[in-house]
Amino acid sequence: METILFFIKRKKLLKDGTASIFVRVTFGKLSAEVATGKSVLPSQWVATKGRAKGNTLKTKQVNAFLDQMEYTLHDLTLQIQREGKQVSAKEILTRYKNLNVPKIGILALYAEHNQEQKELVGISVALGTYKRHETSMKLFQEFLMFKYKAKDIPVNEVDVDMLKKYQHYLMTVRHNNNNTTVKYLRNLGKVLNLAVTKKLVQSSALEELKLKIEPVDKGFLNKTELAKLAEKEFDVVRLEQVRDVFLFCCYTGLAYVDVHSLTNDDIVEDGDRLWIRKARHKTSVMCHIPIIKPARDILNKYASFVSTTDKLLPVLSNQKMNAYLKEIAAIVGIEKDLTTHLARHTFATTVTLANHVSIENVSKMLGHSSIRMTQHYARILDASIENDMMNVEKNYE
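A brief structural summary. Not measured: the values here are computed from a predicted model.

On the basis of which strands lie adjacent, the open sheet formed by three strands has the order β6-β7-β8 and antiparallel pairing. Where the open sheet ends on each side, the last strands, each with one partner, are β6 (267–270) and β8 (286–290). Across this sheet, the average inter-strand angle for adjacent strands is 30°, counted without regard to direction. Relative to β8, strand β7 (residues 273–279) is paired through five bridges, and the arrangement is antiparallel. From the neighbouring strand, I276 faces β8, where its bridge partner is I289.

Moving on: the packing of aromatic side chains. Following the criterion strictly, the structure yields seven aromatic pairs and no others. Geometrically, the ring pair formed by F143 and Y148 is edge-to-face, given 5.8 Å between the ring centres and 90° between the ring planes. For F143, a relative accessible area of 1% puts it in the buried group. With a relative accessible area of 32%, Y148 lands in the partly exposed category. Through a chain of ring-to-ring contacts, three or more aromatic side chains come together here, namely F140, F143, F146, Y148, Y166 and Y169. Over the face of the ring belonging to F7 we find R24, whose NZ or CZ atom lies 4.4 Å from the ring centre. The ring centre of F220 lies 5.6 Å from the NZ or CZ of K336, which sits over that ring.

Of the pairings in the sheet, the one linking β6 to β7 comprises four bridges and is antiparallel in character. Following the sheet pairing, D270 is matched in β7 by R273. Joining the antiparallel neighbours β6 and β7 is a turn of two residues, in which G271 adopts a positive phi near 70°. What sits between the antiparallel neighbours β7 and β8 is a turn of six residues, in which S284 has the positive phi angle 70°.

Calculation criteria
- Residues numbered from 1 in each chain as written.
- Predicted model: local features only at pLDDT ≥ 70, side-chain atom pairs only at ≥ 80, totals over all residues.
- Heavy atoms only, no water.
- Pairing = 2+ DSSP bridges.
- Helix = DSSP H or I, 4+ residues; strand = E, 2+ residues; numbered from the N terminus.
- Axes fitted to C-alpha atoms, helices over the stretch in contact; angles between N-to-C directions.
- Phe/Tyr/Trp six-rings, centres within 6.5 Å; stacked < 30°, edge-to-face > 60°.
- Buried < 20%, exposed > 50% of the residue type's maximum accessible area, 1.4 Å probe, protein only.
- Lys NZ or Arg CZ within 6 Å of the ring centre and 35° of its normal.

Printed below as a string of structure tokens:
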């Protein structure tokens, strides 16, 4: 059973000369303490009893409060034991501090968070970010109903044990991989941090959960595959257009959302070279990309398209682009999952790094805020290894 001790710190007096009353709870060999919010004059405190002496109204009120607090702490200990959970001094005091916290549901708080995100879409929040949080909220709602038959649950009841169950649910019931699961948990973590800011909880339970993104090779087109795709002639116009947009991203490193919004205003002529100078939609970081000949040829091919719209290229929705790219891969004979994002990887590897462009310059063209972000895209290609070792070999000839 726990032991409860009330005490004062005589060396730390308040402005009115009183000393704050603290409570120390000990369970097993570990202790935790917290201020009770009450204070007395040091001369009124009886350390052996852990109570104030005297018959004044204030001392009676203080002692009544401490009696009730002691009873509540005992009751909370029993409550934790009945739940079959690990009892600790810290957990007992944490539950006590949460007793008077307003019971706001985690989903209610999540809905409030998402509404604010929705209002900021196009201002400081990307539409994709808002949609991801909507999906994350829906998944946690499904989990609460699946595991607890609850439509919502107080935010202060979201503990590390519940988050582990949610993690298990995402990976077994929803069949999400590790990285997707981690992203959903981190999205939920942003709402738990909001709860901390609003003083609904003292700390986020997610901090106790060890989460790690595992490196994943998302693939890219090698030089042969890129040439094969570029040389293929299509009878269907929509497939040709999707292929051309994909190739343009391979030659420039633009993400789907950035090529979709590309206009003449983003093209700058500097000397004899055309450049794309555009703030990335995702990060607002400027990217500076020289337009090499194959990319320039694609722009020229669709020059008439500019006269009917502000856009430079006929870019379909991301969903349709990815669907048609799968069809294109089958036609061309490329056994890789072609997506708009794979084009960005191809630019970072086959088009630039494999041709000895420095990672610093690749980082600038991709619009990354640090080289560490670029290293996520970087691949050590057999071709570049061979070229480097050929230079080494010359030293031994």
